[in-house]
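# Topology and contacts: notes
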Amino acid sequence: MTDTYDEAVATYQPVIGIETHVELGTRTKMFCGCRTDFGAEPNTQVCPVCLGLPGSLPVANRAGIEATIRIGLALNCDIAAWCRMARKNYFYPDMPKNYQISQYDEPLCTDGHVDVEVDGETYRIGIERVHLEEDTGKTLHVGGATGRIHGATESLVDYNRAGIPLVEIVTKPVPGTGAKAPEVARAYVTELRDIVRSLGVSDVRMEQGSLRCDVNTSLNRPGEEWGTRSETKNVNSLRSVERAVRSEIIRQAGVLDAGARVVQETRHFQEDTGSTRSGRSKETATDYRYFPEPDLVPIAPDPAWVAELRAGLPERPSVTRARLREQWGISEVDMQAVANAGAVELIEETIAAGASPAGARKWWMGELARRANEEGVELAAVGATPAQVAELQGLVDAGKLTDKLARTVLEGVLAGEGDPAGVMAARGLGVVSDTGALVAAVDEAIAANPDIAAKVRGGKVAAAGALVGAVMNTTRGQADAKTVRELILKRLT
Ligand SMILES: [Zn+2]
């Protein structure tokens, strides 16, 4: 596989392009007052406007426009002084109006860029446009084995998602990445996700579909014109972005090597095989018969408002990461792992609540990351707050909990039993610090294991480990092993 890829990029130059849809986290939909809560019962967040019933009229949600402008500004775009929404006409069952309100030739934001770094090299990704549109509903095919329409006995439609504001971010074609094209694509989506998350306008969860990518790839021989591109739809994880580009490069090189033409089409990424399969051939813009949306007034953001939004942009994620990496004293690789785990802010807040950087990172990147992984939830939703993690580490630092006991306390916290100190008290999990009780346990262990005690007395200090183990057993792990060892050696040597 690697050989095939190396050969492909030695012969051809890839050009990539990425279209990303970000579902905004506004409280209500883009053109009506319906709620947007994720996971609600199907068709409970709908009204005549988002169901496209005759006589209903849309009204734009200011929060959706504001979020789009802020994304545009964070991506170094120009903001249109005046633009209109457009009607994109097509029939599809999850599109109750038979058209989607979108933007066509008058996008809200244009001509930006974002820089990403791969293996120490910086690549500038041009941003063609950032525009605002509404999401469609969701179709569920049931009765078949695969969940796809083929073989299904019924198709169900949920319109809760129809009308949720969606921002589409389109890059310019990106040439010049060579063999690094898959990594550059992934780095771009990662950076975009972090930027949007830092703005607080979306939870950008790829697994829940609030950030979705379509990845375009084409190949050409050096000196020739750019090739025909394929568009791989709905790539739903960062890893898949990288794999989709790689597999398209290999597939297209095979087609071109055989003297055939690459067909312009939509392809679907298959998570199990890491390859793409052919979908429909792509519609062209004329198929959609765009025209300016007659039911909405034009958008003309006041320059003073745009200036205010620009001034209020947060620190860039790359700048934040560099600053924190310095403060925390960790490597670039470790920082990238923290960022990819979505743990930057959690660790920051845990430190602010009193933990050391190492202590905070240990819990979020260790035990809590493991739990989040197991349960398939984001780290922030795992069930412990930064304040609780700081309190837990504080108990360890004060010698009141061992690491092992702290993990048991954490289980209690995650199970909703309360804050660490409360769980420790309720479950009786504190380290036994009463020296009298410990000495008694030590004497008991020595009396019960005369052979081992004799060995230690004879100079075999390593044998003391077995006695430490015995004391830990009788104290149910609640003694500090180091103290126990000291007491044993004091008694026997
Ligand atoms: Zn509605």
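Note that this is a predicted model, so its numbers are computed, not measured.

A contiguous patch of negative charge on the surface is contributed by Asp-3, Asp-6, Glu-7 and Asp-257. Here the negative patch takes three residues from helix α1 (residues 2–11), the largest share from any one element. Tracing the sequence through the fold places Asp-257 in helix α4 (residues 238–257).

For the zinc ion, the protein coordination sphere consists of Cys-32 (SG), Cys-34 (SG), Cys-47 (SG) and Cys-50 (SG), at 2.3 to 2.4 Å. For the zinc ion, the four donor atoms in the first shell make angles of 100 to 115 degrees at the metal, a pattern classed as tetrahedral. Taken in chain order, the donor set of the zinc ion reads C-x1-C-x12-C-x2-C. Linking Cys-32 in the loop between β1 (13–23) and α2 (62–74) with Cys-50 in the loop between β1 and α2, this pair joins segments that are 18 residues apart in sequence. On the basis of relative accessibility, which here comes to 14%, the residue Cys-32 falls in the buried class. Judged by its relative accessible area of 5%, Cys-50 falls in the buried class.

The topology assignment puts Glu-23 in strand β1. Take Glu-23: its relative accessible area is 15%, and that puts it in the buried class.

An α-helical segment advances 3.6 residues per turn. Residues three or four places apart therefore align on the same side. Of all the positions in helix α10 (residues 367–375), only Glu-367, Leu-368, Arg-371 and Ala-372 are classed as buried. Taken down its axis, α10 places every buried residue within 130 degrees of arc, on the same side. Summarising the geometry of α10, the exposed residues directed more than 90 degrees from the buried face are Asn-373 and Glu-374. Gly-376 sits one or two positions beyond α10 and adopts a positive phi of about 65 degrees.

This part is about the packing of helix α14 (residues 435–448) against helix α16 (residues 464–474). For the pair α14 and α16, interaxial distance at closest approach is 9 Å and the crossing angle is 125 degrees. On the basis of their axis angle, the class for α14 and α16 is oblique. For the pair α14 and α16, the sense of crossing is right-handed. In this structure, α14 uses Ala-441, Val-442, Glu-444, Ala-445 and Ile-446 to contact α16, whose residues at the interface are Leu-467, Ala-470, Val-471 and Thr-474. Residues that form the contact of α14 with α16 fall into these classes: seven nonpolar, one polar and one charged.

Cut-offs applied
Residues numbered from 1 in each chain as written. Predicted model: local features only at pLDDT ≥ 70, side-chain atom pairs only at ≥ 80, totals over all residues. Heavy atoms only, no water. Patch = residues over 30% accessible without salt bridge, like charges linked within 9 Å, V, L, I, M, F, W, Y side chains within 5 Å. Areas by Shrake-Rupley, 256 points an atom, 1.4 Å probe, with all protein chains shown as cover. Salt bridge = Lys/Arg side-chain N within 4 Å of Asp/Glu carboxyl O. Lys, Arg positive; Asp, Glu negative; His and termini not counted. Charge placed at Lys NZ, Arg CZ, Asp CG, Glu CD. Helix = DSSP H or I, 4+ residues; strand = E, 2+ residues; numbered from the N terminus. Donors = N, O, S within 2.8 Å, 3.2 Å for Na, K, Ca; no water. Tetrahedral: all angles 85-135°; square planar, octahedral: opposite > 155°, others 65-115°. Buried < 20%, exposed > 50% of the residue type's maximum accessible area, 1.4 Å probe, protein only. Arc of directions from axis to C-beta. Axes fitted to C-alpha atoms, helices over the stretch in contact; angles between N-to-C directions. Parallel < 35°, antiparallel > 145°, perpendicular 65-115°, else oblique. Left-handed = near helix turned anticlockwise from the far one by under 90°. Contact = heavy atoms within 4.5 Å. Nonpolar A, V, L, I, M, F, W, Y, C, P; charged D, E, K, R; others polar.

Nothing here speaks to function; it is all geometry.
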